[in-house]
Amino acid sequence: PLCEFSGACSGCGETPYVKLITQLFGDREIVANATGCSSIYSGSVPSTPYTKDENGRGPAWANSLFEDFCEFGLGMNIANEKMRERLDAAMRGVLDCPVCSEEIKALATNWLDEKNDAAKSREIADKLVPLMEACGCDACKKVLELKHFLVKRSQWIIGGDGASYDIGFGGLDHVIASGKDVNILVLDTEVYSNTGGQASKATPIGAIAKFAAAGKRIRKKDLGLIATTYGYVYVAQIAMGADQAQTLKAIREAEAYDGPSLIIAYAPCINHGIKAGMGKAQQEEANAVACGYWQLWRYNPAAELEGKNPFTLDSKEPNWDAFEDFLKGEVRYASVMKQYPAEAQELFQAAKANAKWRYNNYRRLAQQQWGVDPEVETLENK
Ligand SMILES: Cc1ncc(C[n+]2csc(CCOP(=O)(O)OP(=O)(O)O)c2C)c(N)n1
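Residues numbered from 1 in each chain as written. Predicted model: local features only at pLDDT ≥ 70, side-chain atom pairs only at ≥ 80, totals over all residues. Heavy atoms only, no water.

(A) Structural view of the side chain of D53. Of note, D53 is situated in the loop between α2 (37-42) and β2 (60-63). A polar contact is formed between the side chain of D53 and the backbone nitrogen of N55, at a distance of 2.9 Å. In this view, D53 contacts L2 and D27; residues no more than four positions away in its chain are not counted. (Helix = DSSP H or I, 4+ residues; strand = E, 2+ residues; numbered from the N terminus. Polar contact = N/O pair within 3.5 Å; in protein donor to acceptor, adjacent residues only side chain to side chain. Contact = heavy atoms within 4.5 Å.)

(B) Highlighting the site of the ligand. Around the ligand, 16 residues are found, and the nearest of them are E14, C37, G162, A163 and N194. The contact in question runs from an oxygen atom of the ligand to an N or O atom on the side chain of E14, over 2.7 Å. Here V191 contributes a backbone N or O atom positioned 3.2 Å from an oxygen atom of the ligand. With the chains in place, 76% of the 590 Å² that the ligand exposes on its own is no longer accessible. Contributions of two or more residues to the shell around the ligand are made by α7 (161-167) and β5 (191-192). Looking at which element gives the most residues to the shell around the ligand, the answer is α7, with three residues. (Near = heavy atom within 4 Å. Areas by Shrake-Rupley, 256 points an atom, 1.4 Å probe, with all protein chains shown as cover.)

(C) Region of interest: the pattern of salt bridges. A complete count under the given rule lists 21 salt bridges for this structure. K201 is the salt-bridge partner of D166, the closest N and O atoms lying 3.2 Å from each other. Here D166, found in helix α7, pairs with K201, found in the loop between β6 (198-199) and α9 (223-228); they are 35 residues apart in sequence, far enough to count as distant. A relative accessible area of 17% means that D166 is categorised as buried. Overall, K201 belongs to the partly exposed group, its relative accessible area being 41%. In this structure, E190 engages R332 in a salt bridge whose closest nitrogen and oxygen atoms are separated by 2.9 Å. You can see E190 sitting in the loop between β4 (183-188) and β5 and its partner R332 sitting in helix α14 (residues 331-339), a full 142 residues away along the chain. Comparing E190 with R332, the two get one shared label, buried. Through salt bridges with shared partners, a single network forms among D188, E190, K220, E330 and R332. (Salt bridge = Lys/Arg side-chain N within 4 Å of Asp/Glu carboxyl O. Buried < 20%, exposed > 50% of the residue type's maximum accessible area, 1.4 Å probe, protein only.)

(D) Focus on the pairing of strand β3 (residues 154-160). Of all seven residues that make up β3, seven are buried, and the element is covered over most of its length. Here strand β1 (residues 29-33) runs beside β3; their pairing, made up of five bridges, is parallel. Each residue of the ladder has a partner; that of A32, found in β3, is I157. Where β3 meets β4, five bridges bridge the pair, whose relative direction is parallel. Following the sheet pairing, G159 is matched in β4 by V186. (Pairing = 2+ DSSP bridges.)

(E) Main features of the environment of R364. Along the chain, R364 falls in helix α15 (residues 341-367). Measuring from C-alpha to C-alpha, the distance between R364 and L313 comes to 9.5 Å, with 51 residues separating the pair along the chain.

(F) Structural context of the side chain of N300. Its place among the elements puts N300 in the loop between β9 (297-299) and α12 (301-305). Note on N300: relative accessible area 15%, which makes it buried. Setting aside its immediate chain neighbours within four residues, N300 contacts Y234, E253, Y257 and P310.

(G) Quick look at the sheet that holds β2. The sheet built from eight strands is open, its strands ordered β2-β1-β3-β4-β8-β7-β9-β10 with mixed pairing. Each edge of the open sheet is held by one strand with a lone partner, namely β2 and β10 (311-313). Going from strand to strand, the sheet's axes swing by 15° on average, the running direction of each strand aside. With four bridges joining them, β1 and β2 adopt parallel strand pairing. Residue pairing for β2: A32 is matched across the bridge by A62. (Axes fitted to C-alpha atoms, helices over the stretch in contact; angles between N-to-C directions.)

(H) Highlighting the packing of α14 against α15. Across the interface, α14 lies against α15 with an axial gap of 6 Å and an inter-helix angle of 140°. For the element pair α14 / α15, the angle class is oblique. Facing α14, whose interface residues are Y333, V336, M337, K338 and Q339, α15 presents P341, A344, L347 and F348. (Parallel < 35°, antiparallel > 145°, perpendicular 65-115°, else oblique.)

Listed below in structure tokens is the structure:
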């Protein structure tokens, strides 16, 4: 991992996702981080848990405001695109150069063809840079000035649910609508964790949070489903402790998808008051999915181009009988019973009904008939 020892609460549900992304793409990763827990444990200056590998490569990271983190990441992506356009022009200069060797020219042609493939662009860059340094002609110097852009980058935008569902939502919507190749990771703790647990639109009905002291009275917003309506945005809901393979698959698919991606990751938090303790945070994720509290699914626009249903429901039919016990295992719900016994049962039922409504909705989407309409096919996900 290229994200090591953070100052997050022990058992934090957020950090395993952040760490996993560095394990997959860390040597070419750029992060635009919203303010929130993740910006604090990732950038407690002068120290940072982000580190580099034996070749000196690691994630490049910066923190934005709470309200514009997606635009901040989009800006990084556009800047990178612009620089790579310049690099492309410089590389074409090599092809006509009277000094450059045939080997350099062959690699330059290869790079022009494969520059958007992460592994191939890395392989070509590793061969090309020493040859160009040895050549030293003006055309090679121009390429070398931009050598940091030879390898395809992996743009990540990381934020909490407060940033994503609420305050930065306008920007998130703008960025996914742009069609640009960025990956947004929402660390969904269902509250504003870093400022002490205020309710967000991600807080489910019945949970106690600040500004929802008697239990929230309205259901959780379905951010993922909203994003699917664009049709060209990769979307997934994941929970690492429930299904590691699905988490890995979703993160890989999102990164590989040539367009915007949004991953919503369930993250247990110290604010939830997990009775089993924070040492059981991963187990809590498994329990959340098993009882239907959280659902696992992926919406992959690339599948649609192959004539397949883009929506896949990855969670099994939940054991709804375990739903109430799951709620009782967390103080944010259990305390409603103590403080507001009259309303508690009604709120718990509403929480379960809403979770069922969501699950049924996902199941319907996963089971829908999918056929290819030739006219629609020409849209090519745009
Ligand atoms: C415009 C603005 N409002 C409020 C804050 C204060 N603030 C900093 S972090 C934070 C909570 C972040 O919550 P969330 O996005 O859910 O991330 P988490 O801490 O849960 O990871 C708040 C309210 C801020 N930085 N900027």
